[in-house]
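Reading the structure
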Amino acid sequence: SYGTGFILNSSGYIITNFHVVNGSDSIEIRYLNGEKSKAKIVLKDKENDIVILKPTHIANIKILDLPIRDSSQVSLGDGVYTLGYPLPGKLGGIVLLKGTVNSLSGLKKNQSVFLTNIQIQKGNSGAPVFNKDGKVIGVVSSLLDHTLADDIKPQYLSFVIKSLYLKKMLSQIPETLIIPADLSLSSNPDTQKKDFIRNVGNNIVLIEAE
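Remember, predicted model here, so these are calculated numbers, not experimental data. (Residues numbered from 1 in each chain as written. Predicted model: local features only at pLDDT ≥ 70, side-chain atom pairs only at ≥ 80, totals over all residues. Heavy atoms only, no water.)

1. Looking at the overall build of the chain
For the record, the criterion: Only DSSP runs of H or I covering at least 4 residues are called helices, and only runs of E covering at least 2 are called strands; the numbering of each starts at the N terminus. In this analysis, two residues are considered to be in contact whenever any of their non-hydrogen atoms come within 4.5 Å of each other. Per-residue accessibility takes into account occlusion by the displayed protein chains alone, with areas from the Shrake-Rupley method and a 1.4 Å probe.
Looking only at helices and strands, the chain has three helices and twelve strands in total. For the chain, the proportion of contacts with a sequence separation of at least 24, taken over those separated by at least 6, is 66%. With an accessible surface of roughly 10,600 Å², the chain has 49% of that area assigned to carbon and sulfur atoms.

Laid out in structure tokens, this is it:
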């Protein structure tokens, strides 16, 4: 099993989906600079598909402190994007994917997720989803399974776990509650986004679980 994870801040803890590491005997993290580390599960929320990992080795790279947006402030139609490792055996590097918040709930009015049209692939699971200001509004979970949607064939509809559930977990690990740095990198919105995307790459990791 493989997926994407993200480092929240200089504490080094890594967020990903529970289903990425569920049942595994070994979890390995690969950082952007090529360094690798084993990791262990320190906290899990099976119901909401989130897990927090602690690596045995933190790579010698600059990590941004990622601010988490209150998911109740996310609105229908908001632009969002994610950075992750879809199909790592074929694409290899980090891939930027963009989309829109299409619904504030999931199947059967499930309030724990957003529905977006981000075109995720296998390997995107566990990636952070950012708003236009570079704040984390959720965690990529899965594509909408057409077998659960009365056999309707959805066109790239995906679920994003709301940041509310991540924040609840983080409150149980005091080391993760670092006040985020100011991410205002430029007065120009377009340049700011490009600078943020370039700098946040070190926070994005590939996870391989066996």
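2. Topic: helix α2 (residues 163-170)
Basically, it comes down to this: Three labels apply to residues, based on accessible area from a 1.4 Å probe with only protein chains included: buried if under 20% of the type maximum, exposed if over 50%, partly exposed otherwise in between. In this context, the arc is that of the directions from the helix axis out to the C-beta atoms.
All of the buried residues along α2 are S163, Y165, L166, M169 and L170. Buried positions in α2, seen along its axis, are confined to an arc of 155° and lie on one side of it.

3. Here's the deal with the sheet that holds strand β4 (residues 36-45)
Note the threshold: Paired strands are those between which DSSP finds at least two bridges. Lines fitted to the C-alpha atoms define the axes, with helices restricted to the stretch that makes contact. Angles between their N-to-C directions range from 0 to 180 degrees.
A barrel is described by the order of its strands in space; here six strands give the closed sequence β1-β2-β5-β4-β3-β12, paired in antiparallel fashion. On average, adjacent strands in this sheet sit at an angle of 40° to one another, irrespective of strand direction. Across the sheet, α2 touches β1 (2-7), β2 (14-16), β4 and β5 (50-55), and the angle it forms with β5 is around 45°.

4. Some thoughts on the pairing of strand β3 (residues 27-30)
Burial along β3 is one-sided: I27 and I29 are buried, and none of E28 and R30, which face the opposite way, are. Sheet topology note: the β3/strand β12 (residues 204-209) ladder contains four bridges and is antiparallel. Its bridge partner being in β12, I27 is matched across the sheet by A209. When β3 meets β4, the two strands line up antiparallel, connected through three bridges. Across the sheet, the residue bridging to R30 is K36, located in β4. Hairpin connection, β3 to β4: the antiparallel pair is bridged by five residues, and G34 has positive phi, about 95°.

5. A look at the packing of aromatic side chains
This is how the line gets drawn: What counts as a ring pair is set by centres within 6.5 Å for rings of Phe, Tyr and Trp (its six-membered ring), and what kind of pair is set by the plane angle: stacked under 30 degrees, edge-to-face over 60, tilted for all other angles. Placement of a charge over a ring requires the Lys NZ or Arg CZ to be within 6 Å of the ring centre, with the centre-to-atom vector within 35 degrees of the ring normal.
For the structure on display, the rule yields two aromatic pairs. Judged by centre distance (5.6 Å) and plane angle (35°), the rings of Y81 and F130 are tilted. Of the two residues, Y81 is situated in strand β6 (residues 79-84) and F130 in strand β9 (residues 128-130); the sequence distance between them amounts to 49 residues. Per residue, the accessibility class of Y81 equals that of F130, and both read buried. Taking the relative accessible area as the measure of exposure, F130 reaches 0% and is therefore buried. Counting every residue linked through ring pairs, the aromatic cluster contains Y81, F130 and F196. In this structure, K122 is placed above the aromatic ring of Y2, and the distance from its NZ or CZ to the ring centre is 4.9 Å.

6. Focus: the pairing of β4
Taken together, the six bridges between β4 and β5 define a ladder with antiparallel strand orientation. Among the inter-strand pairings, I41 is bridged to a residue of β5, identified as L53. The hairpin turn running from β4 into β5, its antiparallel successor, is four residues long, and D49 in that turn takes a positive phi close to 60°.

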